[in-house]
Amino acid sequence: MELSVYFKSIVDQDLCPVVICGLDHEIIYMNPAAVSRYAARGGADLVGKSLMLCHGPKSQERIKEVVSWFGESTEHNRIYTSFNPKENKDVYMVALRGQDGNLIGYYEKHEYRDRETEAFYKFV
């Protein structure tokens, strides 16, 4: 089986929203958590549209600045962009690279700080 099927499954099972964009800022993919989180803004219908339509001018400039920084070096792959105190989470932008190391896109990574409350090995 092709490895990409496994990677898609990993992203789809993530409880955090994952929105993948190309270098032109077009939304290429949204995992189910992202579709749900951004339902009020269009959900799955955002795929194929520009991420920039979801952000104000200041955020648009920051996104462009980060993507430019990603392109400067294959060592530039992750940058901390914000902390959301309401959800107690850190937010990062992460570079996506092809097999040759060239920048092909980016995504936003959410990392929650709250300890898991689910019981260990709880089979539902």
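Scroll up for the structure.
The following paragraphs examine the structure supplied in this document. It should be emphasised that the depicted structure is a prediction, and the values quoted were computed from it without experimental measurement. (Residues numbered from 1 in each chain as written. Predicted model: local features only at pLDDT ≥ 70, side-chain atom pairs only at ≥ 80, totals over all residues. Heavy atoms only, no water.)

Regarding the pattern of salt bridges
Phase 1: Per the stated rule, a full pass over the model turns up 7 salt bridges.
Phase 2: R37 is the salt-bridge partner of E87, the closest N and O atoms lying 2.6 Å from each other. You can see E87 sitting in the loop between β3 (78-84) and β4 (89-97) and its partner R37 sitting in helix α2 (residues 32-37), a full 50 residues away along the chain.
Phase 3: Given the relative accessible area of 23%, E87 is considered partly exposed.
Phase 4: With relative accessibility at 35%, the residue R37 sits in the partly exposed group.
Phase 5: Between E65 and R62 there is a salt bridge; the shortest N-O distance is 3.1 Å. (Salt bridge = Lys/Arg side-chain N within 4 Å of Asp/Glu carboxyl O. Helix = DSSP H or I, 4+ residues; strand = E, 2+ residues; numbered from the N terminus. Buried < 20%, exposed > 50% of the residue type's maximum accessible area, 1.4 Å probe, protein only.)

Structural notes on the pairing of strand β5 (residues 103-112)
Both faces of the sheet carry side chains from a regular strand, because those side chains alternate between them.
Phase 1: Here strand β1 (residues 19-22) runs beside β5; their pairing, made up of 3 bridges, is antiparallel. Counterpart to C21 in the pairing with β5 is Y106.
Phase 2: Taken together, the 9 bridges between β4 and β5 define a ladder with antiparallel strand orientation. By the bridge assignment for β5, M93 is matched with E108.
Phase 3: Counting the residues in the hairpin turn of β4 and β5 gives 5 residues, including G101, whose phi is positive at 90 degrees. (Pairing = 2+ DSSP bridges.)

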